[in-house]
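# Coordinates in review
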Amino acid sequence: LTMAAARTIRTVSFLVTVLPSQNKFCYKQHFPYPPPTEWTEWFWVGLLPSKFGGCNDLIISGHATVTSTLACLSTSLSDDPVFCIALWTMVALDYMVEIFEGFHYSVDMWLGAVLVCLLWRVLKPVEESLSMRTELDKEGSSENKNSSNELVPWKPLMLLYITVAVLALLQMVVL
């Protein structure tokens, strides 16, 4: 649910924000150089699909939303404070490397992490109620409540998060 909400907000932000590319040679690497002189040539260059993307950046990083969601999920399931600190330190280091290497602006990463953490907190009651409903439905439809195949309440949500994360990662690799 958090990932879906973050992706929706990210999509809306794509419609209203554009930043210049961090790579100063981006245009030469992705488009014809020198630039076309006729407007019709510009039009056709814009319509051609490119697996490398354009020469701009958009607010709210997909990397930050995925890694922050997985970090929120992992720390919510863990009772070890050392693990939580280590995990968030690794996430912060990952963000610093992404910024240093020029893959993202710092605002991309910051907004992605803050957005996901806020969504995680706001949607927690909704997810808990869905989890309780799943557990009650399971108890009502199950004849044998003590079976070893019975799902723990958080397992369906965890499987959903992992599935969404894998799909998001595949989307990033393909694009």
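It should be noted that the structure appears before, not after, this text.
These figures come from a predicted structure and were not determined experimentally.

## What to know about the overall build of the chain
Helix and strand counts for the chain come out as 7 helices and 2 strands. Secondary structure elements in the chain, listed N-terminal to C-terminal, are α-β-α-α-β-α-α-α-α. Summed over its atoms, the accessible surface of the chain is roughly 11900 Å², and 68% of this surface lies on carbon and sulfur atoms.

## As for the side chain of H104
Mapped onto the secondary structure, H104 falls in the loop between α5 (81-100) and α6 (106-141). Relative accessible area serves as the criterion here: at 9%, H104 is assigned to the buried category. A polar atom in the side chain of H104 sits 2.7 Å from the side chain of H63. Sequence-distant contacts of H104, that is, excluding residues within four places in its chain, are made with Q22, D57, S61, H63, E98, I99 and M109.

## Observations regarding the packing of helix α4 (residues 62-77) against α5
Where α4 meets α5, the axes come as close as 10 Å, and the angle between the chain directions of the two elements is 175°. Comparing their axes, α5 and α4 come out roughly antiparallel. Residues H63, A64, T67, S68, A71, C72, S74 and T75 of α4 form the contact with α5, whose own contacting residues are F83, C84, L87, W88, V91, D94, Y95 and E98. For the contact of α4 with α5, the class distribution of residues is 9 nonpolar, 5 polar and 2 charged.

Parameters at a glance
Residues numbered from 1 in each chain as written. Predicted model: local features only at pLDDT ≥ 70, side-chain atom pairs only at ≥ 80, totals over all residues. Heavy atoms only, no water. Helix = DSSP H or I, 4+ residues; strand = E, 2+ residues; numbered from the N terminus. Areas by Shrake-Rupley, 256 points an atom, 1.4 Å probe, with all protein chains shown as cover. Buried < 20%, exposed > 50% of the residue type's maximum accessible area, 1.4 Å probe, protein only. Polar contact = N/O pair within 3.5 Å; in protein donor to acceptor, adjacent residues only side chain to side chain. Contact = heavy atoms within 4.5 Å. Axes fitted to C-alpha atoms, helices over the stretch in contact; angles between N-to-C directions. Parallel < 35°, antiparallel > 145°, perpendicular 65-115°, else oblique. Nonpolar A, V, L, I, M, F, W, Y, C, P; charged D, E, K, R; others polar.

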